[in-house]
Amino acid sequence: MAAPRIGFCGIGRMGEPMVRRLLAAGHNVAVWNRSSAKLGPLAAAGAVARGTPQELGGRVDIVLLCLGDGKAVEDVVFGEHGLAHSATPPRYLVDHSTLSPALTRALAGRWTAATGGVWIDAPVSGGTDGAAAGKLAIMAGGPADAIESVAPVLRAFSSRVTRMGDTGAGQTTKLANQAIVATTLAGLAEAFVLAKRSGIDTAALPSALQGGWADSVLLQTLWPRMVTPPEHATGTVRVMLKDLDAIAELAQASTTMQRVLPEVRRLLRDAVQRGMGDWDLSQVFRIGETESESGA
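Residues numbered from 1 in each chain as written. Predicted model: local features only at pLDDT ≥ 70, side-chain atom pairs only at ≥ 80, totals over all residues. Heavy atoms only, no water.

Caption draft 1: Quick peek at the pattern of salt bridges. Enumeration according to the criterion identifies twelve salt bridges in this entry. With a closest N to O distance of 3.2 Å, R5 and D61 form a salt bridge. Separated by 56 residues along the polypeptide, R5 in the segment before β1 (6–9) and D61 in the loop between α3 (53–57) and β4 (62–65) bring together distant segments of the chain. Here R5 falls in the partly exposed class, since its relative accessible area comes to 37%. R238 serves as the salt-bridge partner of D278, at 3.2 Å between the closest nitrogen and oxygen. With D278 in the loop between α12 (261–273) and α13 (285–294) and R238 in helix α11 (residues 237–253), this pair connects stretches of sequence that are 40 residues apart. Judged by its relative accessible area of 51%, D278 is exposed. (Salt bridge = Lys/Arg side-chain N within 4 Å of Asp/Glu carboxyl O. Helix = DSSP H or I, 4+ residues; strand = E, 2+ residues; numbered from the N terminus. Buried < 20%, exposed > 50% of the residue type's maximum accessible area, 1.4 Å probe, protein only.)

Caption draft 2: Spotlight on the environment of M226. Tracing the sequence through the fold places M226 in helix α10 (residues 217–227). As a C-alpha pair, M226 and T202 span 24 residues in sequence and 9.0 Å in three-dimensional space. For M226, the contacting residues outside a window of four places in its chain are L188, A189, F192, S282, Q283 and F285. (Contact = heavy atoms within 4.5 Å.)

Caption draft 3: How the structure looks around the side chain of T236. Mapped onto the elements, T236 comes out in the loop between α10 and α11. Residue T236 is classed as buried on the basis of its relative accessible area, which comes to 6%. Once you skip the residues sitting within four places of it in the chain, T236 turns out to touch R13, G277, D278, W279 and L281.

Caption draft 4: Broad picture of the state of the cysteines. A complete count under the given rule lists zero disulfides for this structure. Residue C9 stays outside any disulfide, its sulfur separated by 11 Å from that of C66, the closest cysteine. For C9, a relative accessible area of 0% corresponds to the buried category. (Disulfide = S-S within 2.5 Å.)

Caption draft 5: Spatial organisation of unusual backbone geometry. Positive phi, close to 65 degrees, is recorded for H81, a residue that is not glycine. Among the structural elements, H81 can be located in the loop between α4 (70–78) and β5 (92–95). Among the residues examined, H81 registers a relative accessible area of 39% and is labelled partly exposed. With a phi close to 50 degrees, T255 is a non-glycine residue in the positive phi region. Looking at where T255 falls in the secondary structure, it is placed in the loop between α11 and α12.

Caption draft 6: Geometry of the pairing of strand β2 (residues 29–32). Residues V29 and V31 point to one face of β2 and A30 and W32 to the other, with burial holding for every one of them. Here β1 pairs with β2 via four bridges, running parallel. Counted as the bridge partner of G7 is A30 from β2. With helix α1 (residues 15–24) bridging β1 and the parallel β2, this β-α-β connection has right-handed handedness. The sheet contact formed by β2 and strand β3 (residues 48–49) spans two bridges and is parallel. Within β3, the position partnered with A30 by the bridge is V48. The handedness of the β2 to β3 crossover, carried by helix α2 (residues 39–44), is right-handed. (Pairing = 2+ DSSP bridges. Right-handed = clockwise from strand over helix to strand, strands pointing away.)

Caption draft 7: Representation of the environment of T167 in the model. Tracing the backbone shows T167 in the loop between β9 (158–165) and α8 (169–197). On the basis of relative accessibility, which here comes to 25%, the residue T167 falls in the partly exposed class. Taking the C-alpha atoms as reference points, T167 and E55, 112 residues apart in sequence, are found 26 Å from one another. When residues no more than four places from it in sequence are discounted, the contact partners of T167 are T104, R105, A108, W119, D121, G141 and G142.

Shown next as structure tokens:
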């Protein structure tokens with residue numbers, strides 16, 4: 001069987017390394033991005049740049065999306081010159097963006113009605129480092145046979161593809177993932193300020209706690225970035241707040257009581273209001289430092 005033709009929409013912090021992994025695996029990849037300037041380096045690496053999602057969609061078998069929010073996804077798929085208007089739409093649409101499960105189910109229904117194709121929600125976890133290393137974790141929702149069909153392509157940038165259930169299940173799993181990440185992040189931020197203000201060598205703490213109950217990938221990854229602020233954000237405060245808004249929507253729809261996450265959401269909203277929205281997630285501890293100094 002001929003290798004599938006792949007399209008990729010959304011060349012951001014995550015999208016670029018994902019496309020590079022696809023190219024390195026020998027895939028035929030066409031790319032589109034709202035800002036065409038980001039397409040040049042990928043075209044030089046072997047990708048084919050397309051002018052619109054509609055143009056891209058008519059020439060691929062599988063299209064992958066990695067976009068900022070639900071509005072961006074809806075615009076790229078159903079807007080003017082969107083994927084749904086392609087003469088021969090791709091058979092599979094795989095959305096790596098993080099959306100609410102309800103919106104995902106609505107968009108998937110529209111896609112199937114308009115094109116006859118299959119929508120797979122497949123959000124990812126692992127950050128830009130995981131994308132570059134090909135070690136992302138993918139949690140997928142949709143028909144089992146469809147996920148099985150696209151899995152060989154997705155393994156170019158992932159170490160694991162897990163079907164979690166029907167459409168929307170991937171997004172629900174990602175929101176559970178983000179709940180764990182966000183609450184752990186808030187705990188790390190408070191611990192960092194406590195350690196720093198108490199005179200502990202903060203740089204030594206990750207190795208001191210390695211192997212203990214407090215150890216985690218987040219401790220080992222984010223704590224050093226708290227000690228030495230990174231030049232470039234691998235995950236931003238603004239994006240995490242967007243995900244916590246989706247969690248709040250899901251909690252309300254499922255009548256789930258939440259006590260900790262609303263406080264973390266307040267913390268991140270405060271950070272965005274203070275102009276920290278595009279900062280690396282590791283830097284939210286700075287709010288704690290400010291509040292401690294002010295006696296809050």
